[in-house]
Amino acid sequence: MSESRTDSPPPPPTKSSLKPSLAVALLSVLAPILAAAILYRREPFDPAPLPIHDLSGPAAAPRENGRMLRGAETVGAGRVVGPEDVAYDPASGVIYVGCADGWVKRVGVSGSAGDAAVEDWVNTGGRPLGLALGRDGELIVCDPYKGLLNVSKSGTVELLTDEAEGVKFKLTDATAVARDGTIYFTDASYKFLSYDPATKETKVLARDLYFPNGVALSPDQSFVIFCETVMRRCKRYDGEGHYWIALCSGTSVSWDLAWKYPFIRKAAAILERLNRRPALEKNAGVFQVDSEGKPVAHYYDPQLSLITSGNKIGDYLYCGSVHYPYILRLKLD
C-alpha cells in the first residue's frame, strides 16, 4: 500500500520576517523623494513669479493650416543644426543661418530644397542666434556668449557691444537694423536695447521684460516691435506690412501650470540639466499678423516644437529652429 504525502502549507510570515522587506519598500519610495528634495533645495535657479493676469490667450486667425508638415520640405537637412534664425539677402539670393556649432552658414534658396547648397561661412566662436542684414551688406549677429557682433562681407567678425549701463548681456538674442543704421536688439534676460554705430552708444529702451525675443521694424520705420515669449505677446516701441511671428509652442495645460507655479519651472530646469525633461512643446509654427496687429494666418503642426523664426521669401515660408537639423520650407497658398 503506497503512502500518500501532502505538503504542509508554509508558516505564516512573522512580524520579524516582514520588517526587512517593509524597510526595503519604504526606502525605495523615500530615497528618490529625499534625493529630489535635496537636489531641488541645492538648485540655484530661482524662477520669479509671473503676472499671470497679463497672460494673453490664444488668438484665432482667418486662415489656418494645422498640418503644415504635410506640405513642407526640409532645406540643408543634417548640414544646418539648430538654425535659430533665417536672414535673407536678396542681392546674393542666399539665406544666412546661425547654427548650434557656432557657424553662420549661407544656404542657397534657388532650385529644389533637397539640392540647396550649404556653405560654412563664419564661426563666431559662440552660438549665433538672431541675424539681420546691415545697411551696407554686413551681417549683424546676436551671440549669447559674445554679444552683438558685426560680420563684414569678407567674413571679419567685430564685437559691437556686450554691455549696457555697466552690466554684461546675459542672452543677446534677436535684432533688426533701421535704415538710419540704428541696431535694435534684445537681451532675452529682460531688456530691449539699441546700438548706434556712429556714436558706439548702447541704450536700454525697455527693461523688466519677460524673455524679450524677436524684433521687427515697421515698413515706414516709425516704430519697432519686439516679442515677449513667456507672456505670449508682442509690444510696439514708441504698408503691405505683415509680420511673421514664430511660435516655439502652442498653449497647453502643462505650460499654463508651469507659468502659474514657479516650483514647476524650477523642477523642469533641474530635469533639463539632467536631460530628463519631458517634451512639453507641440503645435509650434508661425503666426502672421498685419501692420495693425490683426491676425492673418496661422501655420502650425502637432509634431512641431521650438520653431524660432519665420521669413517669407518669394512664395515660400522658411522656418528656423533651435531643435531641428534643417530649415523648414512651406509653399504658401
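Above this text you will find the structure in question.
Just so we're clear, the structure is a prediction, and the values are computed from it rather than from any experiment.

**Q** Any chance you could explain the packing of aromatic side chains here in plain terms?
**A** Two measures describe an aromatic ring pair: the distance that separates the ring centres and the angle between the ring planes. Under the defined criterion, the tally for this structure stands at eight aromatic pairs. Centroid distance Phe169 to Phe185: 5.5 Å. Interplanar angle 70 degrees. Geometry classified as edge-to-face. Of the two residues, Phe169 sits in the loop between strand 12 (167-168) and strand 13 (172-177) while Phe185 sits in strand 14 (residues 183-187), which places them 16 residues apart along the sequence. The structure contains a cluster of three or more aromatic residues connected by ring pairs, namely Tyr184, Phe192 and Phe226. Here Arg329 stacks its cationic end above the ring of Tyr316, 4.0 Å away from the centre of that ring.

**Q** Explain the nonpolar core to me, please; I cannot follow it from the model alone.
**A** Taken as a class, soluble globular proteins show a tendency for nonpolar side chains to be buried jointly. Grouped together as the largest cluster of nonpolar side chains are 15 residues, with contacts concentrated most on Met68, Tyr299, Leu304, Ile307, Leu317 and Cys319. Elements with a minimum of two residues in this core: strand 21 (284-290), strand 22 (295-301), strand 24 (316-321) and strand 25 (327-331). The dominant element in this core, judged by the number of residues it contributes, is strand 22, at three residues. Filtering out sequence-adjacent residues up to four positions away, Leu317 remains in contact with Trp244, Val286, Tyr299, Gly310, Asn311, Lys312, Leu328, Arg329, Leu330 and Leu332.

**Q** Is there a simple way to explain a nonpolar patch on the surface in this structure?
**A** Judged by side-chain polarity, Val253, Leu257, Tyr261 and Phe263 come together as a nonpolar surface patch covering roughly 400 Å² of accessible area. Note that Tyr261 resides in the loop between helix 2 (253-260) and helix 3 (262-273). Looking at Tyr261, the relative accessible area reads 34%, which means it is partly exposed.

**Q** Can you walk me through the sheet that holds strand 18 (residues 224-228) in this structure?
**A** To summarise the sheet geometry, strands pair through backbone hydrogen bonds and adopt either a parallel or an antiparallel arrangement. Ordered in space as 17-18-19, the three strands form an open sheet in which the pairing is antiparallel. Strands at the two margins of the open sheet, each flanked by one partner only, are strand 17 (212-217) and strand 19 (233-237). Neighbour-to-neighbour, the strand axes of the sheet open up by a mean angle of 25 degrees, direction not taken into account. For strand 17 and strand 18, the ladder comprises four bridges, and the chain directions are antiparallel. Looking at strand 18, one finds that Ala216 is bridged to Ile225.

**Q** Would you mind going over the sheet that holds strand 10 (residues 157-161) with me for this structure?
**A** Taken together, the four strands give an open sheet; going across it, the order is 7-8-9-10, and neighbouring strands pair in antiparallel fashion. Because the sheet does not close on itself, it has two edges, and the strands there are strand 7 (131-133) and strand 10. Direction aside, neighbouring strands of the sheet carry axes that sit 25 degrees apart on average. Inspection of the sheet shows strand 8 (residues 139-143) paired to strand 9 (residues 147-151) by five bridges, in the antiparallel sense. Looking across to strand 9, one finds that Cys142 is bridged to Leu148.

**Q** What am I meant to see in helix 2 here?
**A** An α-helical turn contains 3.6 residues, so any two residues separated by three or four positions project in the same direction. Taken residue by residue, helix 2 has Trp255, Ala258 and Trp259 as its buried positions. The buried residues of helix 2 occupy an angular sector of 100 degrees when the element is viewed end-on, so they sit on one face. Of the surrounding secondary structure, the elements contacted by the buried residues of helix 2 are helix 3.

**Q** How should the pattern of salt bridges be read in this particular structure?
**A** A side chain of one charge can pair with a side chain of the opposite charge if their charged atoms are brought near each other. Summed over all chains, the structure comprises 10 salt bridges. Two residues, Lys105 and Asp120, come together in a salt bridge whose shortest N-O distance is 3.3 Å. Taken as a pair, Lys105 in strand 5 (residues 103-108) and Asp120 in strand 6 (residues 118-123) lie far apart in primary sequence, 15 residues in all. By relative accessible area, which is 43% here, Asp120 ends up partly exposed. Here Lys168 makes a salt bridge to Asp162, at a shortest N to O gap of 2.9 Å. Residue classification places Lys168 among the partly exposed residues on the basis of a relative accessible area of 48%. Each of Asp101, Lys105 and Asp120 takes part in one network of salt bridges that share partners.

**Q** For this particular structure, what's the right way to read the pairing of strand 5?
**A** Successive side chains on a regular strand alternate, one facing one side of the sheet and the next facing the other. Judged from the five bridges that link them, strand 4 (residues 94-98) and strand 5 form a sheet pairing that is antiparallel. Of the residues in strand 5, the one forming a bridge with Val94 is Gly108. In sequence, strand 4 turns back onto strand 5 through a hairpin of four residues, with Gly102 there showing a positive phi of about 95 degrees. Inspection of the sheet shows strand 5 paired to strand 6 by five bridges, in the antiparallel sense. By the bridge assignment for strand 6, Arg106 is matched with Glu119.

**Q** So what exactly am I meant to see when it comes to the packing of helix 2 against helix 3 here?
**A** When two helices pack together, their arrangement is given by the angle between the helix axes and by the axis-to-axis distance. Where helix 2 contacts helix 3, the axes come no closer than 5 Å and their chain directions differ by 110 degrees. Considered as vectors, helix 2 and helix 3 are oriented roughly perpendicular to each other. Residue-level contacts link Leu257, Ala258, Trp259 and Lys260 of helix 2 to Pro262, Ile264 and Arg265 of helix 3. For the contact of helix 2 with helix 3, the class distribution of residues is five nonpolar, no polar and two charged.

Rules used in this analysis
Residues numbered from 1 in each chain as written. Predicted model: local features only at pLDDT ≥ 70, side-chain atom pairs only at ≥ 80, totals over all residues. Heavy atoms only, no water. Phe/Tyr/Trp six-rings, centres within 6.5 Å; stacked < 30°, edge-to-face > 60°. Helix = DSSP H or I, 4+ residues; strand = E, 2+ residues; numbered from the N terminus. Lys NZ or Arg CZ within 6 Å of the ring centre and 35° of its normal. Core = buried A, V, L, I, M, F, W, Y, C linked by side-chain atoms within 4.5 Å. Buried < 20%, exposed > 50% of the residue type's maximum accessible area, 1.4 Å probe, protein only. Contact = heavy atoms within 4.5 Å. Patch = residues over 30% accessible without salt bridge, like charges linked within 9 Å, V, L, I, M, F, W, Y side chains within 5 Å. Areas by Shrake-Rupley, 256 points an atom, 1.4 Å probe, with all protein chains shown as cover. Salt bridge = Lys/Arg side-chain N within 4 Å of Asp/Glu carboxyl O. Pairing = 2+ DSSP bridges. Axes fitted to C-alpha atoms, helices over the stretch in contact; angles between N-to-C directions. Arc of directions from axis to C-beta. Parallel < 35°, antiparallel > 145°, perpendicular 65-115°, else oblique. Nonpolar A, V, L, I, M, F, W, Y, C, P; charged D, E, K, R; others polar.

On their own, these measurements won't tell you what the molecule is for.
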